[in-house]
Each structure stands twice: as structure tokens, then as C-alpha cells.
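# Report on the structure
Each chain is listed here by its residues.
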Amino acid sequence: MADRAIRGRVLTFRRAPAGAGDAGSYAFLPDGIVLVKDGRVEAVGPTASLLPRLGGAPVDHFPDKLILPGFIDTHIHFPQTQVIASYGAQLLEWLEKYTFVEEQKYADAGHAARNAEFFLDELARCGTTTACCYGSVHATSVEALFAAAEKRGASMIAGTAIMDRNGPQALLDVGKDSVAASRDLIKRWHGKGRQRYAVTPRFAITSTEAQLAACGALLHEFSGVYMQTHLAENPEEIATTRRLFPNDPSYTSVYARAGLLGPRALLGHCIHLDDSEVALLRDTQSVAVFCPTSNLFIGSGLFDHARLAANGVRIALATDVGGGTSYSMLQTAAEAYKAMQLQGQTLSALAAFDLMTRGNSAALGLEAEIGTLAPGAYADIVVLDARATPAMAHRMETARGLEDELFVLMTLGDDRAVMQTYIKGKAALIPRRGLPPATP
Ligand code: GUN
Ligand code: ZN
């Protein structure tokens, strides 16, 4: 017998939509049920056909609300919850003035533990059930995050930031070779419960050539470990990188030569790339991570989605909090749409919702586990209300079908549109506005 049933308007994607109107890219049940057993999706189908299988399982019924796989954020900084919304600087100054200052506080295990709880609460409030997280340089930061996530049953990918130059001494001198410290963390956490490790050289500027090479070697010691870093975000960053690595033909080649690129490599930003760099990303099947709120807020530039997609580069979407300005993947999709509009490109609501769920899970190679509601996937689920605010409800009076509703949700929605978030089939939020008595 199922442990729980979640009933409402069920939507899950099968493949990347070709564009607006591609009804073959998703499955939609106007009145459907997701049956959950042992934390996973047991079955999904029309209510009429699944009702007889319910037995005595409690039913969380959300009439008129959309039930989707939980959102996946492919690039976010856990120690930047108190950096978000810092005024008036572009990347290198922003790092020095705000970010490096704040991240030093994560040497304190108590600070890290408190902020890990805040961070995971905030993700859940926004309907995000998996995130690829940068820690600070301190093992304490990632220990705290993994421990808190594992207690909640939430699947996280994380790693300590690795740096050995061009930062404050307190971040460079963490008492131990930081690549060796990452190895210890991989042994402790990679594959423990739902947690996975990402080797995280911060970016080329803050690592020596030797440290990047050591990160590349570490990656090849383990299977399934990810690599995350920043690439080609800002012109001054690129010029500095070229000065520090004069023998490399490009910024991307610095990472390629260190053995850091590949199908599990997540490269934040990828804004200012030449054709050879785009080809390197494609040939190594690396993932370019689109961080629209951050690209706009720090004034870095516009991610050229159409160019990268046309060249066969894999693309994911992310908030990049605290350079990014919202934890909400809905708001992130809205800013992605605007950044693409400025370049004569478009992002359909179907493409955006696919990207936030199945598309991002495919970028992580985790499609069988998260990002869809296929039987066997974890029951990580978000319930959305397109009438969550007066402005949304008013606009919904003129909505023309499902795709219009999704576009309203991504353009006007944020954490207020999230009615409930389930992690492994368990309600993670106190239900809002007296909505269904979600069974604990
Ligand atoms: N490049 C190196 N570190 C960072 C960071 O913390 N945020 C962003 N947006 N870019 C970076
Ligand atoms: Zn970042």
C-alpha cells in the first residue's frame, strides 16, 4: 500500500520541448494522483484509475494547483545567504568587499550549522529540492550542509571552495591542503544517503596551476564526483586569468588542461567565450550554467543561450545566490526570459519548466532519480498556485491554457506561489493559507 497520495493537476516533462506548443514534451493530468511509497513515486495516473489502489493512504488534495517535480538549482553558494543584495560592485570588487569577508565566518561550525538550516528552509520554501552548492573553503561549511540535508532526506551536491592565491590569507590558509581536505570529505560524504560531492576550485584566479591540476587528479580518483567552478563571467576576470596563465590560448583551456572538463563539469556563467572555448565545452560535454539574476545584478553580461545551444553545448539553469538575487527558480526563469529577450531570443514557459526540473536533472545525469515524476524517481515534489497573489489571480482571469498559466507562474511567481514542497514524499513546509492539511 502507498504511504501517501498527492492529488491535483500533475505535470511532468518527458523531453526538452522543441518550443511553445510542444504538447508531446510533457505529460499532464488535469486531475491526477502521485502515489508515494518509501520516499519514491510508486505510480502516477488519473485519479479515477488510481483511487482503487489507495487503500488507507492519506491524500493531500490540492484542487486547481499544479503538482510538479521539485526544482533543481545547479549553482548556488551556501555561505552567501548574507551576501545577497550587496550594493554597487562588479565581480572582483564584489568578491573582495562582501563575499570573502562573509565566507570567513564559516570557519565557525555553529555559524555554518545555523545557516545550513536557514539555507535549506529557504530552498524548500521556493520549491527547490536539490541544489549544487559551493561551500566556503572550510570543511565545516560542507559538513554542516550535508548533515542538515541528510537529516531532511534532501539530495544535495556540494563541495568546499578550493583556493590558494589571490584571496585574504584567512581563506587561503585553512590549516590543511584543501585538495586533501576535499578527498577526506568525498570519502565521508559522496554517496552517503542522498549526498554527492563536487570538487570546487573557486575559479582560475584563486588557484595556482598546481592546485588546479591536483583538483583534476582528485576528480579521477572517484566515480560520480562532480566538478563546479566559474568561467568567463566578467571581462576583468578574464583579463586577469589570461595574465596568470599566459601559456594557455583561452580561459577555458586552463580548465581543460587541468583535466577539469567533462560530462560532470558545471561551469557557472560562460558569458564571454570565443568559438574555440565553445567547441571545448561541446567536445567535453561540459555543462554551461546560466545564472541570469547574477549576470544582471553583478553587471556581468548576457548569456548567449541560442549560440551555445546551436553549438551543442549542454545548458543548465541556476540562481547563483548571493551574486544572484533570488532563491526562487521561478524568478530565475523570469530573468532568463528577459536576458534572452534582450538578445532577440526566447524561452517558452514549457522550456523553462522543463529546464528547472527534468532539464537540470539531465544536466546532472540524474534523470532516473530526480526531475521527473516517473515511477521509481524520488518523490521530491513542488505544488504551485498560479493565483497565489492578487496580481497573479487577476492575471489568471485571462489565462489561455496551461502554457499561459506556466508563464504567469514564472513571470509573477516566487516563494509565495509554492503551496507545498515534498522531500522523499514528506511535506517540508507548513501549509500556507489554510491549504490542505498535509499529513506529516
Ligand atoms: N567567481 C568566483 N567566485 C565567485 C562567486 O562567489 N560568485 C560569482 N558570481 N562569481 C564568482
Ligand atoms: Zn557562483
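Notes on the structure follow. This is a predicted model, so every value here is computed, not measured. (Residues numbered from 1 in each chain as written. Chains lettered and ligands numbered in written order. Predicted model: local features only at pLDDT ≥ 70, side-chain atom pairs only at ≥ 80, totals over all residues. Heavy atoms only, no water.)

### Side note on the overall build of the protein
The helix and strand tally for the protein stands at 16 helices and 16 strands. For the protein, whose C-alpha radius of gyration is 21 Å, the value lies close to the compact-globule estimate of 22 Å for 440 residues. The C-alpha extent of the protein, read off along each of the three principal axes, is 65 × 45 × 40 Å. For the protein, the accessible surface area stands at approximately 15,700 Å², while carbon and sulfur atoms represent 54% of it. Each charge class in the protein was averaged separately, 41 positive and 46 negative side chains, and the resulting centres sit 5 Å apart. (Helix = DSSP H or I, 4+ residues; strand = E, 2+ residues; numbered from the N terminus. Rg over C-alpha atoms; globule rule 2.2 N^0.38 Å. Areas by Shrake-Rupley, 256 points an atom, 1.4 Å probe, with all protein chains shown as cover. Lys, Arg positive; Asp, Glu negative; His and termini not counted. Charge placed at Lys NZ, Arg CZ, Asp CG, Glu CD.)

### Quick word on the state of the cysteines
Counted according to the given criterion, the structure contains zero disulfides. Cysteine C126 is unpaired, with the sulfur of C133 as its nearest cysteine sulfur at 13 Å. Assessed through its relative accessible area of 3%, C126 is described here as buried. Free of any disulfide, C270 has its nearest neighbouring cysteine sulfur in C291, separated by 8.6 Å. (Disulfide = S-S within 2.5 Å. Buried < 20%, exposed > 50% of the residue type's maximum accessible area, 1.4 Å probe, protein only.)

### A word on the side chain of N115
By the secondary structure assignment, N115 is in helix α3 (residues 109–125). When its relative accessible area of 10% is taken as the criterion, N115 is described as buried. Discounting chain neighbours no more than four positions away, the residues touching N115 are F78, T81, Q82 and Y106. (Contact = heavy atoms within 4.5 Å.)

### Details of helix α8 (residues 235–244)
Residues of α8 that are buried: E237, I238, T240 and T241. The arc enclosing the buried residues of α8, seen along the axis, measures out at 165°, which places them on a common side. Along α8, exposed side chains directed more than 90 degrees from the buried face belong to E236 and R243. Elements in contact with the buried residues of α8: α2 (91–103), β10 (226–231) and α9 (251–257). (Arc of directions from axis to C-beta.)

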